[in-house]
Amino acid sequence: MSQGSFVAQPGYLDWRKFKANGVNLGSWFCLEYYMVPEFFATHGHGAKDEWALCKHQGANLGPILENHYKTFFSESDIDTFAAVGVNLLRIPTTYAAWIVAPGSPHYHGNQLQILKQVATYAIEKYDMHIVLDLHSLPGGVNWLEIGEAIGHGDWFYSETNLELSYQAVKAVIQFIQSSGHIGSYTLAPVNEAVDSKDLRTFGTDLALSPKAAEWLLRYFLGTMELVEAVNPNIPVMLQDSFKGEAFWAQQLPRSANVVIDTHHYYFAGRSLDMDSVPAFMVEDAKTARGTGSFPVLIGEWSLEAEFNNNLALRGPTFDAGRYLFDKYVQGSCFWAGKVLNSEKVHGEGAKRDYWSYFHLIKAGVIQPSDPSFKYE
C-alpha cells in the first residue's frame, strides 16, 4: 500500500523521506525518578514522581527546577550528540511547560525560554529537527509518573482535561510559529496513553481498550485540526499507544501530515538475553512498517535486556538497532540522552551503561554510523 498523499512543502520536513538518528532529552522538562534518582533523593522528600516533588517543595520549587533546566542539557551536549550523527531531538515536556492547569502542582516557569535556546542552537548549528513532545496531559494518561503522576489516569473521558490538552497543543503551535524555524519542528500531542491499570499489559496492544482508543482518536483528530487551521505543514507525531501503525492508519485521513511513533524495549516482558536482542529488533523493525500508509519512527528504544546484559555487546546491539530501524522505517530516537542511575542490571553494569546516550558516547560504544555496516 502506498504511503499517505500529503506533500511536504519546501522548507518543511518530509517524514516520508527523512531518516532520523535521534535521541530523547528525557527528564529535562519531565522528570522521571529512575533517570535522576539523586535529584529526587536531594529534593523529593520521599517523592517518587514529579507531581509529589512539586507538592513537597512549595515555594522552594522554582529555583530548584530552574537550575535543573539550565544545567541538565546544554549546547555542549548538543555538540556531543552531533559528533556521532544525531539529527533529531525529541524533547518530552509536562503540560505545565505550556499551560497552567487548575489544581496541578506541576511547575510553570521558564521551560520554553531554555528549551528554545538549546533547540535553536541545535537547529542553526547542526540542522537538527526537533520533536516537541507533550509527554503528560492533565488528569494523567497512563497511571504512571510519565503521564502526570503515579496513579493518575483521569485524562480519559474528561471534557475538562481534553480542553486543557487542546490549550497546551495551541501553545505548542504558537511556539513553533514564532520560533523563527517553523520547518524544524514536529508536534507530538501525547505519549503512551493507555487506560489499563495492569502493568503486565503495558507495552502491548492490550494496554489501550477500544473505548479509550476512541477517546484518543478524538484527541488525535482534534489536534490535527488545530494544527491544520494554523499551518498544515507542521507534522504531527502520533504515539501509537502500542497499537501500531496498522491500527491507526485505517482511522486517519490518508492525506494527513502525520508520522506514527512506536516504542520498542527489551528490558521487560520479553524474557530476552542481550545476545538475542538484535534478532528481535529485525522483527520489530519489519512489523513497525504496518500498512505503509504513514511514515513510522521508532521513537523510544534502549539497550538493556531482561537477562544477561553484557557490556561488550552494547556496541553491536546499538549498531544493529540503528541500522535496522533506519532500513525498515524512518529511523529511531534512543531513550535517553542522560540517565544518571547506577542501579545494577541483570548481568554486567548499571542502568546508566545501557540507557544513557551521553555515557555510551563517552564510553566509545556509540560511534558515527559506518555506511558499510549491515545486520540481517
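Let me begin by describing the structure that accompanies this report. (Residues numbered from 1 in each chain as written. Predicted model: local features only at pLDDT ≥ 70, side-chain atom pairs only at ≥ 80, totals over all residues. Heavy atoms only, no water.)

1. Structural notes on the overall build of the chain
Regarding its fold elements, the chain presents 12 helices and eight strands. For a compact globule of 376 residues, the expected C-alpha radius of gyration is about 21 Å, and the chain comes in at 19 Å, within 12% of that figure. Once the C-alpha set of the chain is aligned to its principal axes, its extents read approximately 50 × 50 × 45 Å. Counting only residues that meet the buried cut, the chain has 60% of its 376 residues in that class. Summed over all atoms, the accessible surface of the chain reaches about 14400 Å², with 52% contributed by carbon and sulfur. Computing the positive centroid from 28 side-chain charges and the negative centroid from 41, the chain places the two 2 Å apart. (Helix = DSSP H or I, 4+ residues; strand = E, 2+ residues; numbered from the N terminus. Rg over C-alpha atoms; globule rule 2.2 N^0.38 Å. Buried < 20%, exposed > 50% of the residue type's maximum accessible area, 1.4 Å probe, protein only. Areas by Shrake-Rupley, 256 points an atom, 1.4 Å probe, with all protein chains shown as cover. Lys, Arg positive; Asp, Glu negative; His and termini not counted. Charge placed at Lys NZ, Arg CZ, Asp CG, Glu CD.)

2. Looking at the packing of helix α6 (residues 159–177) against helix α7 (residues 210–230)
Two elements in contact, α6 and α7, have axes whose closest approach is 10 Å; the angle formed by their N-to-C orientations is 30°. In the packing of α6 onto α7, the handedness of the crossing is right-handed. Contacts between α6 and α7 pair Glu159, Leu162, Ser165, Tyr166, Val169, Lys170, Ile173 and Gln177 from the former with Trp215, Arg218, Tyr219, Gly222, Thr223, Leu226, Val227 and Val230 from the latter. For the contact of α6 with α7, the residue count by class is nine nonpolar, four polar and three charged. (Axes fitted to C-alpha atoms, helices over the stretch in contact; angles between N-to-C directions. Left-handed = near helix turned anticlockwise from the far one by under 90°. Contact = heavy atoms within 4.5 Å. Nonpolar A, V, L, I, M, F, W, Y, C, P; charged D, E, K, R; others polar.)

3. Brief notes about the packing of aromatic side chains
Evaluated as defined, the whole model comprises 33 aromatic pairs. For the ring pair Phe202 and Phe242, a centre distance of 5.0 Å and an interplane angle of 70° mean the geometry is edge-to-face. On the criterion of sequence distance, the pair formed by Phe202 in the loop between β4 (185–188) and α7 and Phe242 in the loop between β5 (236–239) and α8 (245–249) is long-range, its members being 40 residues apart. Where Trp301 meets Phe325, the ring centres are 5.3 Å apart and the plane angle is 80°; that geometry is what we call edge-to-face. (Phe/Tyr/Trp six-rings, centres within 6.5 Å; stacked < 30°, edge-to-face > 60°.)

4. Brief notes about the pattern of salt bridges
Pairing of side chains with opposite charge becomes possible as their charged atoms draw close. All told, the structure shown has 10 salt bridges when counted by the stated rule. The salt bridge partner of Arg200 is Asp198, with a shortest N-O separation of 3.0 Å. Across the pair Arg270 and Asp284 runs a salt bridge, and its minimum N-O distance is 2.9 Å. Within this pair, whereas Arg270 is found in the loop between β6 (258–263) and α9 (277–288), its partner Asp284 is found in helix α9, the two being separated by 14 residues in sequence. Each of Arg90, Asp133, Asp261 and Glu300 takes part in a single network of salt bridges with overlapping partners. (Salt bridge = Lys/Arg side-chain N within 4 Å of Asp/Glu carboxyl O.)

5. Quick notes on the layout of surface pockets
Computed from the structure, the largest pocket encloses a volume of approximately 1200 Å³. Lining the largest pocket are 41 residues, and of these Phe202, Gly203, Phe242, Tyr265 and Phe267 sit closest to its centre. Elements supplying a minimum of two residues to the lining of the largest pocket: α8, β6, α9 and α11 (351–355). For the lining of the largest pocket, the element with the most residues is α9, which contributes three residues. For the lining of the largest pocket, the class distribution of residues is 15 nonpolar, 12 polar and 14 charged. Here the second largest pocket defines a volume of roughly 230 Å³. Lining the second largest pocket, in full, are Lys19, Ala20, Asn21, Asp319, Arg322, Tyr323, Asp326, Pro368, Ser369, Asp370, Pro371 and Phe373. For the lining of the second largest pocket, the secondary-structure elements that each account for two or more residues are β1 (20–24) and α10 (314–328). (1 Å grid on protein atoms, 1.4 Å probe; cavity = no way out; pocket = protein on both sides within 12 Å on 5 of 7 lines; lining within 4 Å. Points joined across faces, edges and corners; volume = space filled by probe spheres on them.)

6. A few points about unusual backbone geometry
A cis geometry characterises the amide bond from Trp335 onward to Ala336, with omega recorded as 10°. Along the chain, the position of Ala336 falls in the loop between β8 (331–334) and α11. If you check the backbone angles, Ser27 has positive phi at about 60° while not being a glycine. As for its position among the elements, Ser27 is in the loop between β1 and α1 (37–43).

7. A word on the side chain of Asp353
Here Asp353 is to be found in helix α11. Put simply, Asp353 is tucked away with no salt bridge, and the nearest opposite charge, on Arg314, sits 4.2 Å away. Looking at Asp353, its side chain comes within polar contact range of the main-chain nitrogen of Ala350, at 2.7 Å. (Polar contact = N/O pair within 3.5 Å; in protein donor to acceptor, adjacent residues only side chain to side chain.)

8. Section: the side chain of Asn341
Residue position: Asn341 is located in the loop between β8 and α11. Classification of Asn341 as buried rests on a relative accessible area of 5%. Within the local environment of Asn341, its side chain forms a polar contact with the backbone nitrogen of Glu343, the two atoms lying 2.7 Å apart. Residues in contact with Asn341, not counting those within four places in the same chain, are Tyr34, Met35, Pro37, Ala350, Lys351 and Arg352.

9. Side note on the pairing of β4
Neither face of β4 is open: one carries Tyr185 and Leu187, the other Thr186 and Ala188, and all of them are buried. Note that strand β3 (residues 129–134) and β4 share four bridges and pair parallel. Directly across from Ile130, in β4, lies its bridge partner Tyr185. (Pairing = 2+ DSSP bridges.)

10. What about α7?
If you check α7, its first and last C-alpha atoms are 31 Å apart, about what 21 residues at 1.5 Å a residue would give, namely 30 Å. Considered for burial, the residues of α7 that qualify are Ala212, Ala213, Trp215, Leu216, Leu217, Tyr219, Phe220, Gly222, Thr223, Met224 and Val227. Those residues of α7 that are buried lie in contact with β3, α6, β4, β5, α8 and β6. (Expected span 1.5 Å × (residues − 1).)

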